[in-house]
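Close look at the chain arrangement
Spelled out from the first residue to the last, the chains are:
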Amino acid sequence: MKRIVFLLTLLGLVLTAPVRALQLTDDRGMTLTFAQAPQRIVSLLPSLTESVCELGRCQRLVGVDRYSNFPASVQKLPQVGGGLDPNIEMIVALKPDVVLLATSSRAGDRLQALGLKVVALEPRSHADVQRVMLKLGQLLEVPDAARIWRAIDAGVSAAAQSLPAGVRGTRVYFEVNQGPYAASESSFIGETLTRLGAKNIVPAKLGPFPKLNPEYIVRANPDLIMVGQRSADGLQARPGWQSIRALREQRVCIFPTEEANVLVRPGPRMAEGARLMARCLASKAPGAKP
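Source: prediction; values computed, not measured.

**Here we look at unusual backbone geometry**
Residue P71 follows F70 across a cis peptide bond; omega there is -5 degrees. Along the polypeptide, P71 turns up in the loop between β4 (61-64) and α3 (88-93). A positive phi is found at K95, a non-glycine position, where the angle reads about 50 degrees. Taking the relative accessible area as the measure of exposure, K95 reaches 64% and is therefore exposed.

**Notes on the packing of aromatic side chains**
Evaluated as defined, the whole model comprises two aromatic pairs. With centroids separated by 6.1 Å and ring planes inclined at 65 degrees, the aromatic side chains of F188 and F209 adopt a geometry described as edge-to-face. Placement of F188 in helix α7 (residues 188-195) and of F209 in the loop between β9 (199-200) and α8 (214-220) is noted, with a sequence separation of 21 residues between them. Residue F209 is classed as partly exposed on the basis of its relative accessible area, which comes to 29%. The ring of F34 is capped by K117, whose NZ or CZ atom sits 4.8 Å from the centre of that ring.

**Focus on the packing of α7 against helix α12 (residues 270-284)**
Relative to each other, α7 and α12 sit at 55 degrees, their axes nearing to 10 Å. What the angle tells us is that α7 and α12 run oblique. In the packing of α7 onto α12, the handedness of the crossing is right-handed. Across the interface between the two elements, F188, I189, T192 and L193 of α7 pack against M270, A274 and M277 of α12. Here the residues of the contact of α7 with α12 sort into six nonpolar, one polar and no charged.

**A few points about the packing of helix α5 (residues 126-139) against helix α6 (residues 146-161)**
Two packed helices can be described by the angle between their axes and the distance between those axes. Their axes nearest at 8 Å, the elements α5 and α6 cross at an angle of 155 degrees. The pairing of α5 with α6 is recorded here as roughly antiparallel in orientation. In the crossing of α5 with α6, the sense of the turn from one axis to the other is right-handed. Residues H126, V129, Q130, M133 and L134 of α5 form the contact with α6, whose participating residues are A146, I148, W149 and I152.

**A short note on the pairing of strand β1 (residues 22-25)**
Where burial is concerned, the two faces of β1 differ: the one with L22 and L24 is buried and the one with Q23 and T25 is not. Across four bridges, β1 lies against strand β2 (residues 31-34) in antiparallel orientation. In the strand pairing of β2, L22 is matched with F34. Linking β1 back to β2 in an antiparallel pair, the connection comprises five residues, with G29 at a positive phi of about 85 degrees.

**Quick word on empty space enclosed by the protein**
As enumerated under the stated definition, the model contains two cavities of 30 Å³ or more in all. A volume near 40 Å³ is recorded for the largest cavity. Together, F188, I189, T192, V262, L263, R265, M270, G273, A274 and M277 line the largest cavity. Elements represented by at least two residues in the lining of the largest cavity include exactly α7, α11 (257-264) and α12. Take the lining of the largest cavity: its biggest share by element is four residues, from α12. For the second largest cavity, the calculated volume is near 30 Å³. Lining the second largest cavity are S47, L48, S51, P123, V129, V132, M133 and P266. Residues of the lining of the second largest cavity, tallied by class, amount to six nonpolar, two polar and no charged.

**Re the nonpolar core**
Counting 57 residues, the largest nonpolar core has L100, V119, L139, M226 and L281 as the members making the most contacts within it. Of all the elements, α12 adds the most residues to this core, at seven residues. Excluding its chain neighbours within four sequence positions, the residues that come into contact with M226 are V172, Y173, F174, E175, L193, C253, F255, M277, C280 and L281. Counting residues in hydrophobic clusters, the runner-up holds 16 residues, among them I217, A232, W241 and I244.

**Topic: the pairing of strand β5 (residues 98-101)**
Here β5 shows a buried face lined by V98 and L100 and a second buried face lined by V99 and L101. Where strand β3 (residues 41-43) meets β5, three bridges bridge the pair, whose relative direction is parallel. By the bridge assignment for β5, I41 is matched with V98. Alignment of β5 against strand β6 (residues 118-120), held across three bridges, turns out to be parallel. Residue pairing in the sheet places V99 in a bridge with V118 of β6. Between the parallel elements β5 and β6, the chain passes through helix α4 (residues 108-113) in a crossover that is right-handed.

About the criteria used
Residues numbered from 1 in each chain as written. Predicted model: local features only at pLDDT ≥ 70, side-chain atom pairs only at ≥ 80, totals over all residues. Heavy atoms only, no water. Helix = DSSP H or I, 4+ residues; strand = E, 2+ residues; numbered from the N terminus. Buried < 20%, exposed > 50% of the residue type's maximum accessible area, 1.4 Å probe, protein only. Phe/Tyr/Trp six-rings, centres within 6.5 Å; stacked < 30°, edge-to-face > 60°. Lys NZ or Arg CZ within 6 Å of the ring centre and 35° of its normal. Axes fitted to C-alpha atoms, helices over the stretch in contact; angles between N-to-C directions. Parallel < 35°, antiparallel > 145°, perpendicular 65-115°, else oblique. Left-handed = near helix turned anticlockwise from the far one by under 90°. Contact = heavy atoms within 4.5 Å. Nonpolar A, V, L, I, M, F, W, Y, C, P; charged D, E, K, R; others polar. Pairing = 2+ DSSP bridges. 1 Å grid on protein atoms, 1.4 Å probe; cavity = no way out; pocket = protein on both sides within 12 Å on 5 of 7 lines; lining within 4 Å. Points joined across faces, edges and corners; volume = space filled by probe spheres on them. Core = buried A, V, L, I, M, F, W, Y, C linked by side-chain atoms within 4.5 Å. Right-handed = clockwise from strand over helix to strand, strands pointing away.

Written as structure tokens, this is what we have:
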């Protein structure tokens, strides 16, 4: 009888114990409190969408931005515009427990004013990707989130080890978008290039993704150019670019849109991105074997 009384008392304590609130500080420095891990999520950044899915919580997504297209299952979800021009009414109608977006998005204040919880996270470097993955793991109560970063890190290292010594030091220009906007040494793309042994012609001091004067690239005269299909048209026609070594010697890697998406998203597919860059270096760098 004493044992039964003890067990009933213990059960009562468990049932009446207060549920510990979940707290998270986002990249704006704002601390948010959740009664439980969010069950309904709207994501307005493709890299965050992919990270949520990699953490095993894809089924909690109820809406995504127009650019989120991986994994394939998210293509069936309602699209709520872009990070810079979201459909606020549609987001509110989805009744999310949290909206994930970039710190650069102007929608955060509007959504918060309507009573929604907003978590702003914007990975730009390898360290950021690791930190954001851990924060999302905390938010979604995924205890082993660190394993995803370990897999990314190991994959980038493996891509670097696969390259021949002859391609080391190749001077690379990576164009993120027309403008031209480049990936500098301080961006996650630039950090991957560095780990692959390449030399980025755009220094870290210009910021992660600076808009460049086209003449800067002509003067830098890269050995190799990496660019997505959407930005590749008309490279030869840019003033002065005919003199760039990479174009003269046809050392240009043009990535199809699907591969370009992998390369420019700082998330769980970064190791795949490293393999794509390594493949480019192995086939197009001046020191690569024919």
